[in-house]
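Chain by chain, the residues run as shown.
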Amino acid sequence: MRAGRLLPVGLISAATLAHEVLLMRLFSIIQWHQFAYMIISIALLGFGASGTFVALARRPLVKRYPAAFTASAALFGITAVASFAGAERLPFNALEVVWNPGQLGWLAASYALLVLPFFFGATCIGLAFSRHPGQIGRVYAFDLVGAGVGALGIVGLLFLVFPAAALRFVAALGFAAAALATTGMARHRRLAAGSLGLAAAVIAVWLPPSFTATGPHMSQYKGLSMALDVPNARVVEERSSPLGLLTVVESPSVPFRYAPGLSLANTQEPPTQLAVFSDGDSVTAMTAYSGDPATVAYLDRTTAALPYRILARPRVLVLGAGGGEQVLLALRSGADLVDAVEVNPQMIDLARNRFANFVGGIFSRPNVHLHLAEARAFAATAGERYDLIQMPLLDSFSAAAAGVQSMHENYTYTVEALRDYLAVLKPDGVVAITRWLRVPPRDILKLFATATEALEADGVAQPGRHLALIRSWNTVTLLVAKSPFTGEDVAAIRGFADENFFDISWAPGISASDVNRYNQLDREYLYEGALALLGPERADFTERYKFDIAPATDNRPYFFDFFRWRALPELLTLRTQGGAAMLDWGYLILVTTLVQAVILSAVLILLPLWLRRRALGRAIPRLRFGLYFLALGLAFLFIEIAFIQRFVLFLGHPLYAVAVVLAGFLAFAGLGSALAARWVAAVGCGSAVRGITLAVVVIAFLAGTYLLALPSIFERLLALPDAAKIAIALLLIAPLAVFMGMPFPLGLGHVGARSEEFLPWAWGINGCASVLSAILAALLAMHIGFTGVVTMAVILYLAAPALLAGSRDHVATR
Amino acid sequence: MRPLAQCQALMAVVLASAAAVVSTSAPAQDRLGERAAMIETIKLHARSAPSAVEGQGVDPAVLEAMGRVPRHLFVPEEQRGAAYQDRPLPIGYGQTISQPFIVALMTDLINVGPGDAVLEIGTGSGYQAAVLSPLAAKVYSIEIIPELGERAAARLAELRFDNVEVRVGDGYYGWPALAPFDGIVVTAAASHIPPPLVEQLAKGGRMVVPVGGPFATQFLMLVEKRRDGSITTRQLLPVAFVPLRGGRAQ
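Note that the coordinates shown come from a computational prediction; the quantities given were computed from them, not determined experimentally.

Topic: the overall build of chain B
Now for step 1: When its secondary structure is counted, chain B shows 7 helices and 9 strands.
Now for step 2: Restricting the contact set of chain B to residue pairs at least 6 apart, pairs at least 24 apart contribute 56%.

What follows is the structure in structure tokens.
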């Protein structure tokens, strides 16, 4: 067979995986990040449902293979564009779920729409396997290489074009695969190839951009949508990359005046600003600057200005330069040197080049250096040289308030991160972190607990002497000092707070009579929390608090997740009585997605098999076989998802992590399944069960090693360039994935030899398990961390061979 | 929605449209039963959140005012069925009409007297201004989005809330020509409170700012300017909630 015959398989496989990664980007723009896991699960559901479909309709489809493949690939092309265009037009509003559970119906509807392209893409591949039973290895190779190229290729493509345009290319790729597949057709070959090729060109070039454009369908509650509703506001620049969509907006009629945490004592109006929205929500301001520090005097009256009261001519590191507000403040406050770190190269280009004149060239000053780096990576290599690390407020208030980002892995506010920051401070240095104030407090107490734990891990006996916390009516700034604060420091903090009507919620030597003076809360929960977290009742307080405020760690990097099941009944009762803001919906939407996935995967994968069980040869699903494939489906995705989450730290961005880890596991697990037969022959003495047993032992060993070694590997290699880190990530994944690729085909062979009718069930159960596992892994990681999820996967893997071995005896006695 | 509520809503819509045919002059008489139920819900919620109403329950005058405003005419057509449920509703442009309970708390907090002038930043649907109308001498409201502002102005005029004046524009500078104001309501989200508004607040006056996302008010901020001109702020949770389990308050 010529390789050309299999090229369409590679193309459709690339298109399908590219589509999966692309959807995450598109949904981050029109909605929020929490849809990432839903999309992984949607893709797996499409694969699973198509497995069932191919199992049931195999004979007629394989007989007309070229036409069936062509049709399915063309349907992929159509639905890739149409399902997204349809889904983004649904009136789903994540923020309204609390009031109107009917919104979940729209969520289910988008789930059902978005599954279509994955179903058709996977059907092409399933048909190819059925058509070439003797060539499984080669089909697999084309499938997996295609998938890997697709997952990584889309990341590259997103550097060149906007996501909405990339979607058209992905759809066109589907049509190209369809056109190529016509070569095997008996009749109308030229006509079909020509028209499909034309369709590919039309979709790629002539499809009206409005059809897939994200702008008009972005949630109207995102900051960008609201900003553009203001008269005369307009987009002056737009940049897109895999790291996000940056939109620069000017609003001449009603200026932005973005200055969170500004004191009520301030009387100055901020100068003209340009707002830069990231994925339509998180906002950073570029402020017009003439070079006269007096024009930005208002910045002195923000809570983030506190550290400049206790540091003279500091050397400053700003983690998250954004539009440069903190650089301006540093310059105004007489900083000696400012190193500003920004992870998005396009943000750097906007601030340093495109709008250089507007911002007064602050990034080109001799004492200001703008670095393209990820915060942790930069801190890991900086050396001990800063007096101040400023971590400004970069996330949007409404996203923080609605709790929609609770699924977001965040490696900048973990215990390990704070230790990294403390390590680059000079002995008298300070870390300053500013966050939105939420009432009742959640993130601030979690941050306080995190800082306390970081200081203790660094050998500080009395962390309370190193911490200070002040608040305005809407922001809080925490100072973490490397050395204990002196009496002078504390006096300066008090002076600053009094001048600006800010409240001190914690500082060394503070007493109950000093707190809750200007912005009065019902109770000074922050002070009470700080006292408790510093005292012997810390564990008890953390346990009794109704939100999860246990420190975030690299193992459980969910800084924004405060959800506790225990508090749910009370919060549900209070939600309509004015307590709506206390429920963090990111978590609950994920749970809902899991429930929907259970239902949909049962309906689309298992129910058809059960209905057609007679046609399948009256196979009674054997429980142990079923459990084997269930265990594999769960375990594989547990490890894959845990790695995606873990590699966010190493690769610096969730989308990189998804693309690289997905591509790595696909390619190397594929290699593993190709090698599985040889592995059994070599070490299993021909026994599949023995081969599987040895493979899972290797998996357990490798997974255990990674659990122990990954943190220090990451720490050492974090500063390498992206390309090197991607290569290292693939190398790390390779051995584990190769062995994880073996148990499934070996199990299929073993089961198939005994009861061929069970094979569709094996595919189906495995598919269902994968769908659930993708979401379940994300949920579990929030509770038991990366280590816990991987440990569960290892237990499932180790238990799996016993299920097969037992069933062999059972079959033999029959 | 519960079937009963659905029936009620449906009946109300039918009655409302029937009433509209018979008479267009008495919309305040429509859906009275639902409005009364809404007031009861507000009272119930207020009893369970004493701190937000300073221990005294919502001022009966505020409740009476809310009982008179036909809220269903302030929401988009497709939301009318749900107009008297105690929940915020979308009104377009990323804006919402606040939950009735929150409107009651905010109105209660600024302590409007019959001779007072009140400034509102963020007219939105115009509902808050309508509720303030019978309580104050004059209500001035500024809306940033022209379509919303014009619609609200027309609606308020049609319903004869004659002491409400709506202007489309930038709320940052307040309405200096008419300052000072005895009460200011800032419903438009802002990263900080504009200094001109603090300036335009009368001595002894109160400003209230709901803080939170579009469908979830986290807390109400009350800014008070004392007789001596000093400023204090208070943050009031609209709900009785003690974050510590097994603590004193349970």
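Once you've had a look at it, read on.
Things to note about the interface of chain B and chain A
Now for step 1: Counting from both sides, the interface comprises 44 residues of chain B and, opposite them, 48 residues of chain A.
Now for step 2: Secondary-structure elements contributing two or more residues to the side of chain B that touches chain A are α2 (32-48), α4 (100-109), α7 (195-200), β7 (201-213), β8 (216-225) and β9 (231-236) of chain B.
Now for step 3: Examined bridge by bridge, strand β13 (residues 519-521) of chain A and β9(B) share 3 bridges and lie parallel to one another. Paired with Gln520(A) across the strands is Arg234(B), a residue of β9(B).

Notes on the sheet that holds strand β9 (residues 425-436) of chain A
All names here are of chain A.
Now for step 1: Here we have 8 strands laid out as an open sheet, ordered β7-β6-β5-β8-β9-β11-β10-β12, and mixed in their pairing. Strand pairing shows two members of the sheet lacking a second neighbour, β7 (368-372) and β12 (503-506), which therefore form its edges. Strand-to-strand, the axes of this sheet are offset by a mean angle of 20 degrees, without reference to chain direction.

Remarks on unusual backbone geometry
Now for step 1: Going from Val439(A) to Pro440(A), the amide bond is cis rather than trans, its omega being -10 degrees.
Now for step 2: With respect to the helices and strands, the residue Pro440(A) is situated in the loop between β9 and α15 (443-457).
Now for step 3: Pro180(B) follows Ala179(B) through a cis peptide bond whose omega is 0 degrees.
Now for step 4: By the element assignment, Pro180(B) lies in the loop between β5 (164-168) and β6 (181-186).
Now for step 5: Positive phi values are uncommon outside glycine, yet Asn232(A) reaches one of about 70 degrees.
Now for step 6: Mapped onto the elements of the fold, Asn232(A) is located in the loop between α9 (223-228) and β1 (234-241).
Now for step 7: Exposure remark for Asn232(A): the 9 C-beta atoms within 10 Å place this residue in the exposed category.

Remarks on the sheet that holds β6(B)
Think of a sheet as strands paired side by side through backbone hydrogen bonds, with each pair either parallel or antiparallel.
Now for step 1: The strand order across the open sheet built from 8 strands is β13(A)-β9(B)-β8(B)-β7(B)-β6(B)-β3(B)-β4(B)-β5(B), with neighbouring strands paired in mixed fashion. Edge positions in the sheet fall to β13 of chain A together with β5 of chain B, since each of these pairs with one other strand and no more. Going from strand to strand, the sheet's axes swing by 20 degrees on average, the running direction of each strand aside.
Now for step 2: Inspection of the sheet shows strand β3 (residues 117-121) of chain B paired to strand β4 (residues 138-143) of chain B by 5 bridges, in the parallel sense. Residue pairing across strands places Glu120(B) opposite Ser141(B), the latter belonging to β4(B).

Description of the nonpolar core
Residues and elements named next belong to chain A.
Now for step 1: Counting residues in each nonpolar core, the largest one holds 408 residues, and the members touching the most others are Val21, Phe175, Phe647 and Ala659.
Now for step 2: Among the elements that line this core, the one with the most residues is helix α26 (residues 759-813), at 25 residues.
Now for step 3: Counting contributing residues per domain, this core is built from domain 1 (1-215) and domain 2 (297-577), each supplying no fewer than three.
Now for step 4: Dropping the residues within four chain positions of it, Val21 is found in contact with Ala151, Ile154, Val155, Leu655, Val658 and Ala659.

Observations concerning the pairing of β5(B)
Now for step 1: Bridging between β4(B) and β5(B) involves 5 bridges; their strand directions are parallel. Residue pairing across strands places Ser141(B) opposite Val166(B), the latter belonging to β5(B).

Quick word on the domain arrangement of chain A
Now for step 1: When its domains are assigned, chain A resolves into domain 1 (1-215) and domain 2 (297-577).
Now for step 2: Using only C-alpha atoms to locate each centre, domain 1 of chain A and domain 2 of chain A end up separated by 43 Å.

Brief notes about the packing of α2(B) against helix α3 (residues 60-68) of chain B
Residues and elements named next belong to chain B.
Now for step 1: For the pair α2 and α3, interaxial distance at closest approach is 9 Å and the crossing angle is 150 degrees. One element, α2, and the other, α3, form an angle in the roughly antiparallel class. The two elements α2 and α3 cross, and the hand of that crossing is right-handed. Where α2 abuts α3, its residues Arg35, Ala36, Ile39 and Ile42 lie against Leu63, Met66 and Gly67.
Now for step 2: For the contact of α2 with α3, the residue count by class is 5 nonpolar, 1 polar and 1 charged.

Things to note about the packing of helix α6 (residues 136-160) of chain A against helix α22 (residues 654-683) of chain A
Residues and elements named next belong to chain A.
Now for step 1: Axis separation between α6 and α22 bottoms out at 9 Å; the angle between their running directions is 170 degrees. Compared by their axis directions, α6 and α22 come out roughly antiparallel. Facing α6, whose interface residues are Gly137, Tyr140, Leu144, Val145, Ala147, Gly148, Ala151, Leu152, Ile154 and Val155, α22 presents Leu655, Tyr656, Ala659, Leu662, Ala663, Leu666, Ala667, Gly670, Ser673 and Ala674.
Now for step 2: A breakdown of the residues in the contact of α6 with α22 according to their chemical character gives 16 nonpolar, 4 polar and no charged.

So, helix α20 (residues 585-611) of chain A
Now for step 1: Between its first and last C-alpha, α20(A) extends 37 Å over 27 residues, near the 39 Å set by a 1.5 Å rise per residue.
Now for step 2: Along α20(A), the sharpest change in direction is near 35 degrees and occurs at Val603(A).

With respect to helix α11 (residues 345-354) of chain A
Helical periodicity: at 3.6 residues per turn, an α-helix aligns residues three or four positions apart in one direction.
Now for step 1: When we look at burial in α11(A), the residues that qualify are Gln346(A), Met347(A), Leu350(A), Ala351(A) and Arg352(A).
Now for step 2: Buried residues along α11(A) sit against β1, β2 (244-250), β3 (273-278), β4 (282-287), β6 (337-342) and β7 of chain A.

With respect to the pairing of β3(B)
Residues and elements named next belong to chain B.
Now for step 1: Across the 5 residues of β3, 5 count as buried, placing the element largely inside the fold.
Now for step 2: Alternating positions in β3 separate into two faces, Ala117, Leu119 and Ile121 on one and Val118 and Glu120 on the other, with burial throughout.
Now for step 3: Taking the sense of rotation as the criterion, the β-α-β connection linking β3, helix α5 (residues 127-132) and β4 turns out right-handed.
Now for step 4: Here β3 pairs with β6 via 4 bridges, running parallel. Pairing of Ile121 across the sheet is with Val186, part of β6.

With respect to the environment of Pro314(A)
All names here are of chain A.
Now for step 1: Along the chain, the position of Pro314 falls in the loop between β4 and β5 (315-319).
Now for step 2: The buried category is assigned to Pro314, around which 24 C-beta atoms lie within 10 Å.
Now for step 3: For the pair Pro314 and Pro440, spaced 126 residues apart in sequence, the C-alpha to C-alpha distance is 34 Å.
Now for step 4: Filtering out sequence-adjacent residues up to four positions away, Pro314 remains in contact with Ala335, Asp336, Asp387 and Leu388.

Description of the environment of Pro255(A)
Residues and elements named next belong to chain A.
Now for step 1: Looking at where Pro255 falls in the secondary structure, it is placed in the loop between β2 and β3.
Now for step 2: C-alpha of Pro255 to C-alpha of Leu666: the two residues are 411 residues apart in sequence and 49 Å apart in space.
Now for step 3: Those residues within four positions of Pro255 in sequence are excluded, and the remaining contacts are Thr272 and Gln273.

Conventions we followed
Starting from 1, residues in each chain are numbered consecutively following that chain's sequence as written. Key to labels: chains lettered from A, ligands numbered from 1, both in the order written. Note on the predicted model: pLDDT of at least 70 is required for a residue's local features to be given, and 80 or more for side-chain atom pairs to be given and counted; whole-chain, interface and lining totals, by contrast, use all residues. Here a strand is any run of E in DSSP of at least two residues, a helix any run of H or I of at least four, and the numbering for each starts at the N terminus. Any two residues are considered in contact once their C-beta atoms, placed from the backbone, lie within 7 Å. Only strands that DSSP links by at least two bridges are regarded as paired with each other. Think of each axis as a best-fit line through the C-alpha atoms, taken over the contacting stretch in the case of a helix, with angles from 0 to 180 degrees between the N-to-C directions. Partly exposed residues are those whose C-beta has more than 12 but fewer than 20 other C-beta atoms within 10 Å; with 20 or more the residue is buried, with 12 or fewer it is exposed, and the C-beta atoms are placed from the backbone. One nonpolar core equals one set of buried Ala, Val, Leu, Ile, Met, Phe, Trp, Tyr and Cys residues connected by C-beta atoms within 7 Å. For every domain, the bounds stem from an assignment made automatically or drawn from a database. When an angle is under 35 degrees it counts as roughly parallel; over 145 it counts as roughly antiparallel; between 65 and 115 it counts as roughly perpendicular; any other value is oblique. By convention the crossing between two helices is left-handed if the near helix lies anticlockwise of the far one by an angle smaller than a right angle, and right-handed if it lies clockwise. Following the grouping adopted for this structure description, the nonpolar residues are Ala, Val, Leu, Ile, Met, Phe, Trp, Tyr, Cys and Pro, the charged ones are Asp, Glu, Lys and Arg, and the polar ones are all others, Gly among them. Expected helix span is computed as 1.5 Å times (number of residues minus one). The term bend refers to the angle at a residue between two fitted axes, each drawn through seven residues, those ending there and those starting there. Convention used here: a crossover is right-handed provided that the path from the first strand, over the helix, to the second strand proceeds clockwise when the strands point away from the viewer.

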